[in-house]
Amino acid sequence: MNEILKLNPNGTVTLCARKTCCPIMEDLGGGMVKITDDDGSSIVITKEQASLLGAGIEALNEKDLQLLNE
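Residues numbered from 1 in each chain as written. Predicted model: local features only at pLDDT ≥ 70, side-chain atom pairs only at ≥ 80, totals over all residues. Heavy atoms only, no water.

Student: Give a description of the sheet that holds strand 5 (residues 42-46) that names residues and reports values.
Tutor: One open sheet holds the five strands; their spatial order is 1-2-3-4-5, and the pairing between them is antiparallel. With one partner strand each, in any of the chains shown, strand 1 (5-7) and strand 5 form the two edges of the open sheet. Between one strand axis and the next, the sheet turns by 25° as a mean value, whatever way the strands run. (Pairing = 2+ DSSP bridges. Helix = DSSP H or I, 4+ residues; strand = E, 2+ residues; numbered from the N terminus. Axes fitted to C-alpha atoms, helices over the stretch in contact; angles between N-to-C directions.)

Structural data, given as structure tokens:
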């Protein structure tokens with residue numbers, strides 16, 4: 001597993017790029033995941049949507065990228 005990801009004994013995954021305050025991802029079954037942030041707030045999204053998070057960050061970082069709405 002990637003060094004910034006930690007598989008926890010309860011089956012959740014800690015997404016940590018730093019040593020403190022890391023979001024936690026939990027598989028809810030049925031193709032859904034829950035991501036809980038450092039403040040305890042959470043979102044529930046599909047695994048397909050979660051798989052797009054990295055690409056979303058890349059898009060936000062691209063100054064010249066124009067996103068098109070369908």
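Student: Requested: an account of the pairing of strand 5, with residues and values cited.
Tutor: Relative to strand 5, strand 4 (residues 32-36) runs antiparallel, the two being bridged by five bridges. Each bridged residue has a counterpart across the sheet, and for valine 33 the counterpart in strand 5 is isoleucine 45. Counting the residues in the hairpin turn of strand 4 and strand 5 gives five residues, including glycine 40, whose phi is positive at 90°.

Student: Now, about the confidence of the model for the chain: what can you tell me, with residues and values included?
Tutor: Per-residue confidence for the chain gives a mean pLDDT of 85, with 81% of residues at or over 70. Here helix 2 (residues 53-61) is the element of the chain with the lowest mean pLDDT, 86, and strand 5 is the one with the highest, 98. (pLDDT = per-residue confidence, 0-100.)

Student: Give a detailed account of the pattern of salt bridges, specifying residues and quantitative values.
Tutor: Per the counting criterion, the structure on display carries one salt bridge. Between aspartate 27 and lysine 47 there is a salt bridge whose closest N-O contact spans 3.1 Å. Taken together, the residues span a long stretch of sequence, with aspartate 27 in strand 3 (residues 24-29) and lysine 47 in helix 1 (residues 47-51) at a distance of 20 residues. Aspartate 27 gets classed as partly exposed once you look at its relative accessible area, which sits at 45%. (Salt bridge = Lys/Arg side-chain N within 4 Å of Asp/Glu carboxyl O. Buried < 20%, exposed > 50% of the residue type's maximum accessible area, 1.4 Å probe, protein only.)

Student: Requested: an account of the state of the cysteines, with residues and values cited.
Tutor: In the structure shown here, the tally under the stated rule is one disulfide. Between the sulfur atoms of cysteine 16 and its disulfide mate cysteine 22 the distance is 1.9 Å. Of the two residues, cysteine 16 and cysteine 22, neither departs from the other in class, the shared state being buried. (Disulfide = S-S within 2.5 Å.)

Student: For the environment of aspartate 37, give the residues involved together with the corresponding values.
Tutor: Along the polypeptide, aspartate 37 turns up in the loop between strand 4 and strand 5. Residue class for aspartate 37 comes out partly exposed when judged on its relative accessible area of 34%. It is 8.1 Å that separates the C-alpha atoms of aspartate 37 and cysteine 21, two residues lying 16 residues apart in sequence. A distance of 2.9 Å separates a polar side-chain atom of aspartate 37 from the backbone nitrogen of aspartate 39. (Polar contact = N/O pair within 3.5 Å; in protein donor to acceptor, adjacent residues only side chain to side chain.)

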